[in-house]
Amino acid sequence: MKHLLSLEKLARSDMERILADAVVFKKERNRHGKLPLAGQTWALIFNKSSTRTRVSFEVGIRELGGQVLFLTANDIQIGRGEPIKDTARVLGRMIHGAVIRTYAQRDVEEFAQYSGVPTVNALTDDEHPCQVLSDIFTFQEKRGPIQSKVVTFIGDGACNMPISWMFAAAKLEFELRIAAPEHYQPSREWFDRVTKATDRPCLLEGGSHRSNGRIVVTDDLRKAATGADLLYTDVWVSMGKEAEAAERIKALSGYQINRALVKLAKPNALIMHCLPAYRGKEIDEDTFEANAQTIFDQAENRLHAQKSILSWLVS
Ligand code: CP
Ligand code: NVA
């Protein structure tokens, strides 16, 4: 039984297969004859808001021949305290797969363990694996293999997006620079987990600048952006962190992708944002609009990459 619970647990060879097949799914959209989800019903269980992930999974499952049930936690008994493991054992007898967006990573893992059906992490507080796979697909579509390239993440370096990028960098062998104030940098635990997942030492020392040559964490965003192939950002206030909005906006102000920062990156650097975007905060309006083609290709590619993920899960 295959699951996509995190990039931490996804083997490099599986990542490479998903990325390669995404190219085919995109090229052959509306023409591919295979319907790997024919006769299947997949549940989308979402406990947080979503535009891109929900729509791309609903459309993708249908295009692969399957049917979709969209369930919010409030509509089902989970919202009234029914344990995940009971919900999983009930749904597992009826559905063929599940796509889950929630807070705790352990909830997705518990669902996978008890349901007995392929389970996808559609964003937790720890990781957003489908997004990063789609983003790498987008990068490679435009610039070729990501191996040995430099990806710079700017903003809240401790949220789900940079964590998934860390596992991707370690496994696919590109350089990841995370530029964030010290309090918003990934914890030591994440570095230890990257080391464990890849068998390569990952963190040399503490402080505001840490590096193992492949993953660099710094509070110096100009240094991090210099010579980058990709500048990437995400919201400063992730879902579930709304109560900290004021202090986050204060601490992260300045960690913005704007014209001055873009000038430091390689001349053909891509600028990406997983969306939704808050102009004037993590990215300025001009830079966002100047790179809208890439950013909305990135959003579209969620569909193609996730069809590849779904097809891999049931193969
Ligand atoms: N990027 C992303 O996951 O968007 P949604 O929250 O709209 O699904
Ligand atoms: N870090 C963001 C990603 C949104 C797609 C969040 O968790 O809200």
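Structure: see above.
Here the residue numbers are simple positions, counted from 1 along each chain's written sequence. As they are written, the chains are lettered A onward and the ligands numbered 1 onward, keeping that order. Selection of residues for local features in this predicted model requires a pLDDT of at least 70, selection of side-chain atom pairs for listing and counting requires 80 or more, and totals for whole chains, interfaces and linings are taken over all residues. Water and hydrogen atoms play no part in the side-chain values, which are based on all heavy atoms of the structure.

Colleague: Could you clarify how one ought to interpret the pattern of salt bridges in this entry?
Modeller: Any two side chains of opposite charge can pair, on the condition that their charged atoms come close. By definition here, a salt bridge exists when the distance from a side-chain nitrogen of Lys or Arg to a carboxyl oxygen of Asp or Glu is within 4 Å. Per the stated rule, a full pass over the model turns up 21 salt bridges. Between Asp-21 and Arg-17 there is a salt bridge, and its shortest N-O distance comes to 3.3 Å. Here Asp-21 and its partner Arg-17 are both found in helix H1 (residues 12-27), four residues apart, which amounts to about one turn of the helix. Burial classes follow relative accessibility: with a 1.4 Å probe on protein chains only, a residue under 20% of its type's maximum area counts as buried, one over 50% as exposed, and anything between as partly exposed. Residue Asp-21 is classed as partly exposed on the basis of its relative accessible area of 25%. On the basis of relative accessible area, Arg-17 is assigned to the partly exposed category, the value being 33%. One connected set of salt bridges, linked through shared partners, spans Glu-8, Glu-189 and Arg-193. Secondary structure elements follow DSSP: runs of H or I no shorter than four residues count as helices, runs of E no shorter than two count as strands, and numbering proceeds from the N terminus.

Colleague: Before we go on, may I ask you to explain helix H3 (residues 84-91) in this structure?
Modeller: Every α-helical turn comprises 3.6 residues, leaving residues that sit three or four positions apart pointing alike. By the burial criterion, the buried members of H3 are Ile-84, Thr-87, Ala-88 and Leu-91. Mapping the buried residues of H3 onto a view down its axis gives an arc of 100°, with all of them on the same face. Picture the helix axis, draw a direction to every C-beta atom, and the arc is the one those directions span.

Colleague: In this structure, what is going on with the packing of helix H2 (residues 52-63) against helix H12 (residues 292-313)? I would like to understand it.
Modeller: A pair of packed helices is characterised by two quantities: the angle between their axes and the separation of those axes. Look at H2 against H12: their axes get within 9 Å of each other, and the N-to-C directions meet at 50°. As the angle between them shows, H2 and H12 are arranged oblique. In the crossing of H2 with H12, the sense of the turn from one axis to the other is right-handed. Counted together, Arg-52, Thr-53, Ser-56, Phe-57, Val-59, Gly-60, Ile-61 and Glu-63 of H2 and Ala-299, Arg-302, Leu-303, Gln-306, Lys-307 and Leu-310 of H12 form the full contact between these two elements. Under the convention adopted here, Pro, Cys and the residues Ala, Val, Leu, Ile, Met, Phe, Trp and Tyr are nonpolar, Asp, Glu, Lys and Arg are charged, and Gly plus all remaining residues are polar. Taken together, the residues of the contact of H2 with H12 sort by class into six nonpolar, four polar and four charged. Axes here refer to lines fitted to C-alpha atoms; in helices the fit is confined to the stretch in contact. Angles between the N-to-C directions go from 0 to 180 degrees. Roughly parallel refers to an angle under 35 degrees, roughly antiparallel to one over 145, roughly perpendicular to one between 65 and 115, and oblique to any angle outside these ranges. Crossing chirality is assigned from the near helix's rotation relative to the far helix, an anticlockwise turn below a right angle marking it left-handed and a clockwise turn marking it right-handed. Only heavy atoms matter for contacts: two residues are in contact if any of them lie within 4.5 Å across the pair.

Colleague: Can you help me understand the packing of aromatic side chains in this one?
Modeller: Stacked, tilted and edge-to-face pairs are distinguished by plane angle, under 30 degrees for stacked and over 60 for edge-to-face with tilted covering the rest, among Phe, Tyr and Trp rings (Trp via its six-membered ring) whose centres lie within 6.5 Å. On inspection of all chains with the given rule, the structure shows six aromatic pairs. With a centroid separation of 5.2 Å and 70° between ring planes, the pair formed by Trp-165 and Tyr-232 is classed as edge-to-face. Note that Trp-165 is positioned in helix H6 (residues 160-172) and Tyr-232 in strand E9 (residues 230-233), a separation of 67 residues in sequence. No difference in accessibility class separates Trp-165 from Tyr-232, as the two residues are buried. Aromatic ring contacts, followed pair by pair, group Phe-153, Trp-165, Phe-174 and Tyr-232 into a single cluster. Taking the ring centre of Tyr-103 as reference, the NZ or CZ of Lys-48 above it sits at 4.5 Å. A ring is considered to have a charge above it if a Lys NZ or an Arg CZ atom is located within 6 Å of its centre and within 35 degrees of its normal. Here Arg-279 stacks its cationic end above the ring of Phe-288, 4.0 Å away from the centre of that ring.

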